[in-house]
Amino acid sequence: MTGAVEIGLTQLILATGFIVVAAGLSLALSLGYCRSLVIATVRTYLQLWALGFVLRWVFAIDSAWLVLAILTVMLIMAVFTIQGRVTSRPRGIFPALFNAVFISGVTVTFAVTALIVKVEPWYAPRYVIPIGGMVIGNSMTGLALALERVFGDMAKRRNEINTLLSLGATTFEAARPSIRTALRAGLIPTINSMSAVGIVFIPGMMTGQILAGADPRTAASYQIVVMLMISAATTLGSVIAVLTSYGRAFDRQSRFTLDERS
Amino acid sequence: MSEHRLDGRENLAVAANTVLLRAENVSLRRDSGTGRRVILDKVNLSIGGGQIIHLQGPSGTGKSTLLWALARMLPLDEGALFFEGRPASEWTAPTWRTLMALVVQTHSMVPGTVADNLLLPWTLKIRNRPESGADVSRPHNDRLRRELDALLLHEVSLETDASQLSVGQAARISIVRTLLTAPRCLLLDEPCAALDGDASDRVMARIADFTTDDRAALIVGHGALDRVGRVARVGRVLRLDSGKLTEEGR
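Residues numbered from 1 in each chain as written. Chains lettered and ligands numbered in written order. Predicted model: local features only at pLDDT ≥ 70, side-chain atom pairs only at ≥ 80, totals over all residues.

Student: How should the overall build of chain B be read in this particular structure?
Tutor: Helices and strands together make up the secondary structure of chain B, namely eight helices and ten strands. Taking all 250 residues of chain B together, 42% fall into the buried category. Considering only intrachain contacts with a sequence separation of at least 6, the fraction spanning at least 24 residues in chain B is 75%. (Helix = DSSP H or I, 4+ residues; strand = E, 2+ residues; numbered from the N terminus. Buried ≥ 20, exposed ≤ 12 C-beta atoms within 10 Å, placed from the backbone. Contact = placed C-beta atoms within 7 Å.)

Student: Just to check I follow, could you spell out the sheet that holds strand β5 (residues 86-87) of chain B for this structure?
Tutor: Residue and element names in this part refer to chain B. Taken in spatial order, the four strands line up as β2-β1-β4-β5 in an open sheet, and their pairing is antiparallel. Either end of the sheet is taken by a strand with one partner, and the two such strands are β2 (35-48) and β5. Judged from the five bridges that link them, strand β1 (residues 19-32) and strand β4 (residues 78-83) form a sheet pairing that is antiparallel. Paired with Leu21 across the two strands is Phe83, which belongs to β4. (Pairing = 2+ DSSP bridges.)

Student: Help me understand the sheet that holds strand β7 (residues 185-189) of chain B, please; the structure alone is not making it clear to me.
Tutor: Think of a sheet as strands paired side by side through backbone hydrogen bonds, with each pair either parallel or antiparallel. All names here are of chain B. If you trace the six strands from one edge of the open sheet to the other, you get β6-β7-β8-β3-β9-β10, paired in mixed fashion. Of all the strands in the sheet, just β6 (100-103) and β10 (244-248) have a single pairing partner and so form its edges. Within this sheet the neighbouring strands show an average axis-to-axis angle of 20°, counted without direction. In this sheet, strand β9 (residues 235-241) lies alongside strand β3 (residues 52-56) in parallel orientation, the contact comprising five bridges. (Axes fitted to C-alpha atoms, helices over the stretch in contact; angles between N-to-C directions.)

Student: What's the story with the packing of helix α3 (residues 64-85) of chain A against helix α5 (residues 125-156) of chain A in this structure? I'm lost.
Tutor: The packing of two helices is summarised by the inter-axis angle and the distance between the axes. All names here are of chain A. Look at α3 against α5: their axes get within 9 Å of each other, and the N-to-C directions meet at 15°. Taken together, the axes of α3 and α5 are roughly parallel relative to one another. In the crossing of α3 with α5, the sense of the turn from one axis to the other is right-handed. For the pair α3 and α5, contact is made by Val67, Ile70, Leu71, Met74, Leu75, Ala78, Thr81, Ile82 and Arg85 and by Pro125, Val128, Ile129, Gly132, Gly133, Ile136, Met140, Leu143, Ala144, Leu147 and Glu148, respectively. A breakdown of the residues in the contact of α3 with α5 according to their chemical character gives 15 nonpolar, three polar and two charged. (Parallel < 35°, antiparallel > 145°, perpendicular 65-115°, else oblique. Left-handed = near helix turned anticlockwise from the far one by under 90°. Nonpolar A, V, L, I, M, F, W, Y, C, P; charged D, E, K, R; others polar.)

Student: Looking at this model, I keep getting lost on the packing of helix α4 (residues 94-116) of chain A against helix α9 (residues 216-245) of chain A. Mind explaining?
Tutor: All names here are of chain A. Contact geometry of α4 with α9 gives a least axis separation of 8 Å together with a crossing angle of 155°. Here α4 lies roughly antiparallel to α9, going by the angle between them. The two elements α4 and α9 meet at a crossing, and its hand is right-handed. Where α4 abuts α9, its residues Ala96, Leu97, Asn99, Ala100, Val101, Ile103, Ser104, Gly105, Thr107, Val108, Val112 and Ile116 lie against Val225, Met229, Ala232, Ala233, Leu236, Gly237, Ile240, Ala241, Thr244 and Ser245. Considered class by class, the residues forming the contact of α4 with α9 number 15 nonpolar, seven polar and no charged.

Student: I keep staring at the interface of chain B and chain A and nothing clicks. Help me out?
Tutor: Accessible area lost during the coming together of the parts is what is often quoted as the interface size. On the side of chain A, 14 residues touch chain B, which itself brings 23 residues to the contact. Per-element accounting of the side of chain B that touches chain A gives the leading share, five residues, to helix α3 (residues 93-99) of chain B. Partitioned by chemical class, the residues of the side of chain B that touches chain A number 15 nonpolar, five polar and three charged.

Student: Explanation requested: unusual backbone geometry in the structure shown.
Tutor: Most of the time, phi is negative for any residue but glycine, and the peptide bond is trans. The linkage connecting Glu120(A) with the following residue, Pro121(A), adopts the cis geometry, with an omega of -10°. Mapping Pro121(A) onto the fold places it in the loop between α4 and α5. For Lys42(B), which is not a glycine, the phi torsion comes out positive at approximately 45°. Structurally, Lys42(B) can be placed in strand β2.

Student: For this particular structure, what's the right way to read the nonpolar core?
Tutor: In a soluble, globular protein the nonpolar side chains are often hidden away together inside. Membership of the largest hydrophobic core comes to 116 residues, with the highest contact counts inside it found for Leu70(B), Cys185(B), Leu187(B) and Leu218(B). The element best represented in this core is α5(A), accounting for 15 residues. Setting aside its immediate chain neighbours within four residues, Leu218(B) contacts Ile47(B), Ile53(B), Leu55(B), Leu67(B), Cys185(B) and Leu187(B). (Core = buried A, V, L, I, M, F, W, Y, C linked by C-beta atoms within 7 Å.)

Student: I'm lost on the pairing of β7(B) in this one. Help?
Tutor: Residues in a regular strand project their side chains so that they alternate between the two faces of the sheet. Residue and element names in this part refer to chain B. Counted residue by residue, β7 has five buried out of five residues, so it is predominantly covered. Burial along β7 is two-sided: the residues Cys185, Leu187 and Asp189 and Leu186 and Leu188 are all buried. Of the pairings in the sheet, the one linking β6 to β7 comprises four bridges and is parallel in character. Looking across to β7, one finds that Leu102 is bridged to Leu187. Bridge count between β7 and strand β8 (residues 216-220): five bridges; the pairing is parallel.

Student: What is the right way to look at the domain arrangement of chain A in this model?
Tutor: Residue and element names in this part refer to chain A. When its domains are assigned, chain A resolves into domain 1 (1-61) and domain 2 (62-261). For domain 1 versus domain 2, the separation of C-alpha centres amounts to 30 Å. Taken together, the contact pairs nine residues of domain 1 with ten residues of domain 2. Tallied by class, residues from the side of domain 1 that touches domain 2 come to seven nonpolar, two polar and no charged. (Domains from an automatic or database assignment.)

Put into C-alpha cells, the structure is as follows:
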C-alpha cells in the first residue's frame, strides 16, 4: 500500500468545489436538484467517514464474534432490501429469502476467504468484511430480479398454469417455465458485467487496488475472483430463493392462489 | 338422506350405471366487494356413467365455480366429493384432476406447435407413472390428425404455431387435448362459446361419442342445450340459481 497518495482535507475541499459548481448550475438554470445534491453530498461524507472509523475500529479489535455480527447485520439488511424491491409477491416468502441470502452469502464469502485467499486467521476482518460486502451487495440485485420475475411471470401465465394443473400437473411442473425465466433474469446482469468488465469499465475494486499501489496483475486476479464469486453467489442465492418460494403461489391442494393472497 | 335428493327422478338411469362423481352438501363462498358471497349452497349432485349433463343458470351465478370445485381447483367451504363412492381425499389433487378433467374457458395454449399442445399432458410426470392410474398411452400423430379433423380443424396443421390459432381453433384444440387423456368425467366450461353451428355440432357429437357407460360429461353453456338434447343419449339438465342446484324436467 506504499504507493497510495494520501487524500487530505485540502483535496477533499477541492473535490467538493466541483459539487458547488454543479449546485450553482442547478440554481442558475432552475433545475431544482440543488437541495438533493447538497443532501447527497453530506450523506456521502458522513456515511463513508463513519464506515472508515468503524472499519478501523473493527480491524483493531480483531474479534471473530464482531466480524460475524457485522456479516449478520449486512445479511439482514440485504434481506429487507430485496423484500422491498420485490413488489408482486405473495405473503410468507421471508423465510425462503432469508435462507437464500444467508446460505449463498456465507458459503461464498467463506469459500473465497478460506479456500482461495487463505486468510489467517479465518475471520481476518480486513478480508472477510469487504469480500462479504461485495458478495452480498452484488448478488442482491440478481436475487431481487429473480424473485420479482418468478411471481410476475406466474401471474402473467395464470391461464396456462390453471390449464396445466387441470391436466394433472404438479405445482412444480406448472411453475417450471416461470422458474426458468426467473433464474435467467437474475443472472443476466451478472453475465453482462462479466462480459463487459475490463473493456467497457474498470471495476471499482480493481481501481482501488491500483490506486493503492498494487501491481495491476494482482489487482486483475483479485477482480477475477470477485466477479466469479459474485456470479456464484447470485446463482446459488437465486436458485434457493426461487425454488423454496414459488410454492407460495399455490395452496396445499395444488391450486393456484397467487392473486388472492398478494 | 339428502345426498340423492336430486336423483329422485333419475334413480333408474343412475342405477343402471355406476355413480362416478358425487358431491355432498357442497358449499362455497367467495370474497366479493361487499363481503363473502355464497356461490354454492349445500349443493348435492350425482353424475352417473354414460350421462351428459347440461348445467344452466343465469350468468355470474357460479356455474364455472361449480366445475372448478368439482375438479378440486377451488377450495370448498363445506361438503365432500366422492369418486366411485370413495372420498376425494384418497387421491392427490393432480391424480383427481386426471379423473375429473376440467377444460377451462380461457383456452390456453402453451408456446410451441399444435402437436406440442396436444401432447402437453404427456410431458407431465403423472402420465409416466403406472401407479397413478393415469397411464393413457401417448397418442401418435395420425390419431391427433383424426381428432382434429373430427372437429373440423382440417386447415390446422400439427406443425402450426399455437400462437397463430384463432380463439375458436384454440378452444377445440384444448378440448381434444383433454379428450386424449381419457378422463372419467369431462367438465366443460362453455365449450361452444367461440364456435359456429357446424363446429359446435361436431364438438357435441365428439363428446357424446366419448361418453361411454363409464364416462360422463358436465357441460356449462348457454347455447349448448339444443345440441346436448339432440346428440346425447342421456340428457340431464341441471339449473344453478342463487347457490341452489335443481334438476329440470324434460
